[in-house]
Amino acid sequence: MDCNKASMLIMKYLDKDITEKEQNKLTKHLEVCSECREEFNLLNDTFEIVEDLEDVEPPKDIEKKVMASIDKGKYKKKSYKNLIYLIVSAFSVLSLSTYFIFRKLTLSIPGLISDFSNFFIESIVKFVSFIVVNTINTSDLLVGLVKLISKFTLILPIVLLVFLFNLVILELCIVKIYNINIRRN
Amino acid sequence: MEENDYKLVKRCLKGDEKAFEEIVTLYKRKVYNIAYKFTRNKEDSSDITQEVFIKAYNSLDKYNPEYKFSTWILKITTNYCLDLKKKKSVDTTPLTDWNETNASTLSAENNYIYKENKNIIIQLINNLPKKYRILIIMYHQQNLSYKEMSDCLNLPLTKVKNRLYRARGMLKDNLESIRKEEF
């Protein structure tokens, strides 16, 4: 065995990953090669010392210092805030779409349901503004809007679903109102 | 243990701050010791440990449970240590910092040689380039496996192995040159 191979086996020995066969080969080589023997002894002694060095005790107040510097609300607020953004955005779309569809309806059948639509829109607007005023202050709302825009891709499918659902319900209402209207005439 | 770690992480993500305190208690010793063995300075190690845990907390939602939590936190620690810009002052009294269980059984003369050798070795490890030093600390002082080191350092296993072999070789060469100087 040459010294390069012996050097590799010394490394494997230090890895504690040496087979019995390899260890016998190494021992035989070390018996005849003083240079490798010296290398082996030096490395072995060194890493024995290195591995004997025991751990140092960390300061006792680390937990306290860490807990004082982290944003404890980071994971609490997030889910709560996201929920509010979702509710507000869903209701805004709901009220907007309701407004436009009822407007169209009011124009096509004048006088018939204008009172009803006005009442309906008014109550939706009141409801949304009630949520906005009571749950979020203005600065939060601004931050929320920025976040809403940045998270648009995430919110978009939900908003679309609400919109579609809303459309279906309104279509049903229109059909019913038209039916009543036709029967009256 | 690993399952418990993940449970703690999930509790943190639900807003339970106590769970994060438990994580700090579980891992502060490991983090602090890597930092101390890397910097050889208690004050710096304390700062590094705090920074590592703050970083860990802030990116806890990015933790991938496929990896062991210990590997994840050590990854943050080693990255932090390797990124340290300049070497700050080193404690000048390292002898008393180390518990000397073995030394106490040796004779007075051997004890002296043991301590001397130990100090030289510590100093030489400290003088190795960062990327080699961290491997000696992780493998020989923190008993991490090649797989764990490879995950922590984002390096292939073979590269970690070659680098550790190279680090040992460098340490040996430096020790030899010191010995030659002495005689």
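What you are looking at is a predicted structure, and each value in this text was computed from that prediction instead of being measured.

Chemist: Please give an account of the nonpolar core that cites residues and values.
Modeler: Core analysis: the largest hydrophobic core is formed by 44 residues, its most contacted members being Ala35(B), Leu135(B) and Met149(B). Of all the secondary-structure elements, those providing two or more residues to this core are helix H1 (2-13), helix H2 (17-39), helix H3 (42-58), helix H4 (69-83), helix H5 (108-127), helix H6 (130-141), helix H7 (146-153) and helix H8 (157-182) of chain B. The biggest single contributor to this core is H2(B), with 10 residues. Excluding residues within four positions of it along the chain, Ala35(B) makes contact with Ser45(B), Ile48(B), Thr49(B), Thr77(B) and Cys81(B). By size, the runner-up hydrophobic cluster in this structure holds nine residues, among which are Leu9(A), Phe40(A), Leu43(A) and Phe47(A).

Chemist: Describe the interface of chain A and chain B, listing the residues and the values that go with them.
Modeler: With 27 residues of chain A at the contact, the number on the chain B side is 35 residues. If you list the elements that add at least two residues to the side of chain A that touches chain B, you get helix H1 (3-14), helix H3 (34-52), helix H4 (62-69) and helix H5 (74-108) of chain A. Ranked by residues supplied to the side of chain A that touches chain B, first place goes to H3(A) with nine residues.

Chemist: Describe unusual backbone geometry, with residues and values.
Modeler: Phi angles above zero are rare outside glycine, and Lys16(A) is one such case at about 55°. Within the secondary structure layout, Lys16(A) lies in the loop between H1 and helix H2 (20-32).

Chemist: Account for the environment of Arg37(A), with residues named and values stated.
Modeler: Structurally, Arg37(A) can be placed in helix H3. C-alpha of Arg37(A) to C-alpha of Leu26(A): the two residues are 11 residues apart in sequence and 9.6 Å apart in space.

Chemist: Describe the packing of H4(A) against H2(B), with residues and values.
Modeler: Here H4(A) crosses H2(B) at 140°, and the two axes come no closer than 10 Å. Taken together, the axes of H4(A) and H2(B) lie oblique to each other. In terms of crossing hand, the pair formed by H4(A) and H2(B) is right-handed. Side by side, H4(A) and H2(B) meet where Ile62(A), Glu63(A), Val66(A) and Met67(A) of the first sit next to Glu17(B), Glu21(B), Val24(B), Thr25(B) and Lys28(B) of the second. Of the residues contributing to the contact of H4(A) with H2(B), the split by class is four nonpolar, one polar and four charged.

Chemist: Explain H6(B) to me, and be specific about the residues and the numbers.
Modeler: Residues and elements named next belong to chain B. Helix length check: H6, at 12 residues, gives a terminal C-alpha distance of 15 Å against a target of 16 Å (1.5 Å per residue), a fit within 8%. Inspection of H6 places Arg133, Ile134, Leu135, Ile136, Ile137, Met138, Tyr139 and His140 among the buried residues, and these make up the whole buried set. Within two residues after H6, asparagine 143 carries a phi angle of roughly 55°, on the positive side.

Chemist: Describe H2(A), listing the residues and the values that go with them.
Modeler: With 13 residues, H2(A) should cover 18 Å at 1.5 Å per step; its first-to-last C-alpha distance of 19 Å lies within 8% of that length. Burial runs low along H2(A): only one of the 13 residues are buried.

Chemist: Go over the environment of Gln23(A), please, and point to the residues and values.
Modeler: Residue and element names in this part refer to chain A. Mapped onto the elements, glutamine 23 comes out in helix H2. Glutamine 23 gets classed as partly exposed once you count the C-beta atoms within 10 Å, which come to 13. In the structure, glutamine 23 is positioned 13 residues away from isoleucine 10 in sequence and 8.9 Å away in space, judged by C-alpha atoms.

Chemist: Explain the confidence of the model for chain B to me, using residue names and the numbers behind them.
Modeler: Residues and elements named next belong to chain B. With 84% of its residues at a pLDDT of at least 70, chain B reaches an overall mean of 85. Per-element mean pLDDT across chain B ranges from 82 in H5 up to 94 in H3. With pLDDT under 50 throughout, residues 91-103 is counted as low confidence; its partners more than four residues away or in other chains account for 17 contacts. Note on the complex model: pTM 0.64, ipTM 0.78.

Calculation notes
Residues numbered from 1 in each chain as written. Chains lettered and ligands numbered in written order. Predicted model: local features only at pLDDT ≥ 70, side-chain atom pairs only at ≥ 80, totals over all residues. Core = buried A, V, L, I, M, F, W, Y, C linked by C-beta atoms within 7 Å. Buried ≥ 20, exposed ≤ 12 C-beta atoms within 10 Å, placed from the backbone. Helix = DSSP H or I, 4+ residues; strand = E, 2+ residues; numbered from the N terminus. Contact = placed C-beta atoms within 7 Å. Axes fitted to C-alpha atoms, helices over the stretch in contact; angles between N-to-C directions. Parallel < 35°, antiparallel > 145°, perpendicular 65-115°, else oblique. Left-handed = near helix turned anticlockwise from the far one by under 90°. Nonpolar A, V, L, I, M, F, W, Y, C, P; charged D, E, K, R; others polar. Expected span 1.5 Å × (residues − 1). pLDDT = per-residue confidence, 0-100.

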